[in-house]
Amino acid sequence: MELKNAVVIVTGSSSGVGAACAMLLAKKGGRVVINYSSSKTEAEAVAEQVIKAGGDAIVVQGNVAIDADCRRMAQAALQKWGRIDGLINNAGKTKFVDHHKLEELDAQDFIDIYSVNVIGAFQMVRACAEAMRKQGRGAVVNMSSIAGLMGNGSSVAYSASKGALNTMTKSLARALGPEIRVNAVCPGFIEGRWLKEGLGAERYEKYRQQYIDSTPLHASATPDDVAGVAVWLLEGAGLVTGETILVDSGMHLGAAPLQPKK
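Summary of the structure given here. (Residues numbered from 1 in each chain as written. Predicted model: local features only at pLDDT ≥ 70, side-chain atom pairs only at ≥ 80, totals over all residues. Heavy atoms only, no water.)

## What about helix α9 (residues 223–235)?
If you check α9, its first and last C-alpha atoms are 18 Å apart, about what 13 residues at 1.5 Å a residue would give, namely 18 Å. Every buried residue of α9 is accounted for by Val226, Ala227, Val229, Ala230, Val231, Leu233 and Leu234. Against the buried residues of α9 lie β1 (7–10), α1 (16–27), β4 (86–89), β5 (138–143), β6 (180–187) and β7 (244–247). (Helix = DSSP H or I, 4+ residues; strand = E, 2+ residues; numbered from the N terminus. Expected span 1.5 Å × (residues − 1). Buried < 20%, exposed > 50% of the residue type's maximum accessible area, 1.4 Å probe, protein only. Contact = heavy atoms within 4.5 Å.)

What follows is the structure, given as structure tokens:
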């Protein structure tokens with residue numbers, strides 16, 4: 001997909017990975033729908049940066065758990081630019097609960113998390129699919145997590161939701177081809193505010209260092225690292241669909257091998 005003048009909706013793009021995706025698309029000349037749920041000031045700041053970087057942008061408030069908001073986002077893109085070329089489902093929700101503390105999660109926690117991470121992603125795809133099919137092409141990237149494959153992460157409910165998102169990615173790839181490709185990105189530890197606020201500064205730094213020490217590549221991801229893979233799936237992966245691309249420094253391979261003494 002040629003990204004110059006391409007129209008891409010990025011949900012949850014007022015900060016973090018979503019904002020990084022928007023900025024990378026801008027540098028390639030893309031036109032981006034910046035979506036936020038509550039952080040209007042941050043979303044507007046990202047839009048300004050997108051325009052300064054050579055792209056174009058509009059800001060649309062919306063909660064992906066609400067179908068009407070999803071359809072309104074798609075309509076905003078169509079009204080502004082007349083097409084939708086790509087969708088990055090980045091909006092996400094969790095509750096930070098240690099996995100062994102089962103009593104600290106209830107049914108409503110699962111419903112709240114699934115409503116954004118799974119149902120919201122589905123509703124956004126559904127809202128955009130007709131336009132993509134009419135123009136004969138489109139690509140979707142679902143922002144998942146290594147938690148959906150390994151069962152780790154911020155809570156059992158979050159891990160389960162990302163596992164469901166990975167399965168849905170494969171289902172939608174079958175259903176929407178050949179016009180629309182659907183893939184997922186599964187990051188490991190991502191540096192930034194989301195994890196730092198959820199874990200607290202001390203635990204965040206402890207887990208980050210443990211991650212770096214234990215993975216084969218001895219590195220944790222930045223939002224820009226993850227955005228690079230997501231945008232590549234839109235731009236350069238024309239024959240890739242139904243895949244879950246792991247961006248985890250090799251975490252899924254197990255602990256890094258011991259290094260021989262020098």
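Still to come is the rest of the account.
## Details of the packing of α1 against α9
Two numbers describe how α1 lies on α9: the axes approach to 8 Å, and their chain directions differ by 55°. Between α1 and α9, the interaxial angle falls into the category oblique. The chirality of how α1 crosses α9 is right-handed. Mapping the contact onto sequence places Gly16, Val17, Ala20, Cys21, Leu24 and Leu25 in α1 and Pro223, Asp224, Val226, Ala227, Gly228, Ala230, Val231 and Leu234 in α9. Considered class by class, the residues forming the contact of α1 with α9 number 11 nonpolar, two polar and one charged. (Axes fitted to C-alpha atoms, helices over the stretch in contact; angles between N-to-C directions. Parallel < 35°, antiparallel > 145°, perpendicular 65-115°, else oblique. Left-handed = near helix turned anticlockwise from the far one by under 90°. Nonpolar A, V, L, I, M, F, W, Y, C, P; charged D, E, K, R; others polar.)

## With respect to the environment of Glu197
In this fold, Glu197 is placed in helix α7 (residues 193–199). Separated by 101 residues in sequence, Glu197 and Phe96 place their C-alpha atoms 10.0 Å apart.

## Describing the pattern of salt bridges
Overall, the coordinates contain 14 salt bridges when judged by the stated rule. A salt bridge links Arg208 to Glu191; its shortest N-O distance comes to 3.6 Å. Here Glu191 lies in the loop between β6 and α7 and Arg208 lies in helix α8 (residues 201–214), a separation of 17 residues in the sequence. Since its relative accessible area comes to 26%, Glu191 is described here as partly exposed. (Salt bridge = Lys/Arg side-chain N within 4 Å of Asp/Glu carboxyl O.)

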